Amino acid sequence: ELLSKLTELREALIAAGAPPEASQSGTALLDWLAAKGITAEVKFSVRMLMFGQSAAAAAGIEDLVGMDEDERADAIHEAGGDILKALTREVRAHCAQEHQANWKYIVDGVACEESSIPTHVKADAKRGTYHAGTGFELIHYDENHKGMRLDDFTKLESCKLAKLKKHHVAVLRLYTTSSFRELNGPLRNEMKPHPLALTVYYLCEAIKKLRVVRAKVDAQEQEYLYPPGTFLQFEKEETDADGRRIITIRPTMP
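Read on for a plain summary of the structure. (Residues numbered from 1 in each chain as written. Predicted model: local features only at pLDDT ≥ 70, side-chain atom pairs only at ≥ 80, totals over all residues. Heavy atoms only, no water.)

Most of helix α11 (residues 166-175) is tucked away, with eight of its 10 residues classed as buried. Every buried residue of α11 is listed here: His167, His168, Val169, Ala170, Val171, Leu172, Arg173 and Leu174. (Buried < 20%, exposed > 50% of the residue type's maximum accessible area, 1.4 Å probe, protein only. Helix = DSSP H or I, 4+ residues; strand = E, 2+ residues; numbered from the N terminus.)

Have a look at this one:
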């Protein structure tokens, strides 16, 4: 059945005037569509994978964004010592209206509240597209977070486990919006200083902090390494209060 569908698709493309290779290569198909004036952002298409220099990795995020510890401290000092305010100043100074609106929604808005949702998101909903995806409706935006403010997100169990502050949560949420390009682009182009150097710094810090969540959750599912030749014998199986299966085994020597 799949082969039949692929054959139908190939015949449909050729009937529409596409070259034969358009049915075999995603790049050829995109090129043909572009020639027809049809373009689309392909978020997950990889044409080149570029690895950075080991020296850059060793130097860390401060070197990558072109902002050292003193410069970061100065930016925060100018905002009265408030990191969230310093980030807001940075976004306002270097971002277009779309990204300022994303930030305002995250910092000051109420999730899923129509008056808080950025205008460009509402326009995307009318077109049915978002982040190059299709079938987007306004009810999908910030789904399952209705009524939540930044403080509420910070109080989530995962955020408490990772010891995330409000500014960490804010930059993580910003990265899930259309503003991700504003963070990725300058890094890929090795722009220094990065226009949103402070934002990227705290995004990196937040991601590292989140690693502890998986580690702490997995702590209840301990793994043991036993000497070679050890047999593991099934002992019992039960279900805990949360519905999780717990299988108990014990090591026995032959």
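Here we take up the nonpolar core. By size, the foremost hydrophobic cluster in this structure holds 43 residues, and its most contacted members are Leu87, Trp103, Tyr141, Leu164, Ala170 and Tyr202. For this core, the secondary structure elements donating two or more residues are α4 (61-65), α6 (83-94), α7 (97-108), α8 (119-127), α9 (150-154), α10 (157-162), α11 and α13 (197-218). Beyond its immediate sequence surroundings of up to four residues, leucine 164 is in contact with Thr154, Cys159, Val169, Leu172, Ala206, Lys209 and Leu210. (Core = buried A, V, L, I, M, F, W, Y, C linked by side-chain atoms within 4.5 Å. Contact = heavy atoms within 4.5 Å.)

Right, let's talk about the pattern of salt bridges for a bit. The full count for this structure, using the stated rule, is eight salt bridges. As a salt-bridge pair, arginine 127 and aspartate 124 come within 2.3 Å of each other at their nearest N and O atoms. Remark: aspartate 124 and arginine 127 occur in helix α8; sequence separation between them is three residues, near one turn of the helix. (Salt bridge = Lys/Arg side-chain N within 4 Å of Asp/Glu carboxyl O.)

A cluster of acidic side chains, namely Asp68, Glu69, Asp70, Glu71 and Asp74, defines a negative patch on the protein surface. Looking at the element boundaries, glutamate 71 is found in helix α5 (residues 69-78). With a relative accessible area of 40%, glutamate 71 lands in the partly exposed category. (Patch = residues over 30% accessible without salt bridge, like charges linked within 9 Å, V, L, I, M, F, W, Y side chains within 5 Å. Areas by Shrake-Rupley, 256 points an atom, 1.4 Å probe, with all protein chains shown as cover. Lys, Arg positive; Asp, Glu negative; His and termini not counted. Charge placed at Lys NZ, Arg CZ, Asp CG, Glu CD.)

One pass over the full model with this rule turns up four aromatic pairs. Ring centres of tyrosine 105 and tyrosine 141 lie 5.4 Å apart, and the angle between their planes is 50°; this geometry places the pair in the tilted category. With tyrosine 105 in helix α7 and tyrosine 141 in the loop between β2 (133-134) and α9, this residue pair connects regions lying 36 residues apart in the sequence. Of the two residues, tyrosine 105 and tyrosine 141, neither departs from the other in class, the shared state being buried. Seen in terms of ring centroids, tyrosine 130 and tyrosine 141 are 5.9 Å apart; in terms of plane orientation they differ by 90°. Their pairing is edge-to-face. Of this pair, tyrosine 130 sits in strand β1 (residues 129-130) while tyrosine 141 sits in the loop between β2 and α9; the two residues are 11 residues apart in sequence, bridging distant segments of the chain. The same class applies to tyrosine 130 and to tyrosine 141, which are both buried. Put simply, the rings of Tyr105, Tyr130, Phe136 and Tyr141 touch in pairs and so form one group of aromatic residues. Of note, arginine 72 hangs over the ring of tyrosine 201, and the distance from its end group to the ring centre comes to 3.8 Å. (Phe/Tyr/Trp six-rings, centres within 6.5 Å; stacked < 30°, edge-to-face > 60°. Lys NZ or Arg CZ within 6 Å of the ring centre and 35° of its normal.)

Taken N-terminus to C-terminus, the directions of α7 and α11 make an angle of 135°; their axes are 10 Å apart at the nearest point. Classed by the angle they form, the pair α7 and α11 counts as oblique. For the crossing formed where α7 meets α11, the hand is right-handed. Contact with α7, carried on its side by His99, Asn102, Trp103, Tyr105, Ile106 and Val107, involves Ala170, Val171, Arg173 and Leu174 of α11 and no other residues of that element. In the contact of α7 with α11, the residues fall into seven nonpolar, two polar and one charged. (Axes fitted to C-alpha atoms, helices over the stretch in contact; angles between N-to-C directions. Parallel < 35°, antiparallel > 145°, perpendicular 65-115°, else oblique. Left-handed = near helix turned anticlockwise from the far one by under 90°. Nonpolar A, V, L, I, M, F, W, Y, C, P; charged D, E, K, R; others polar.)

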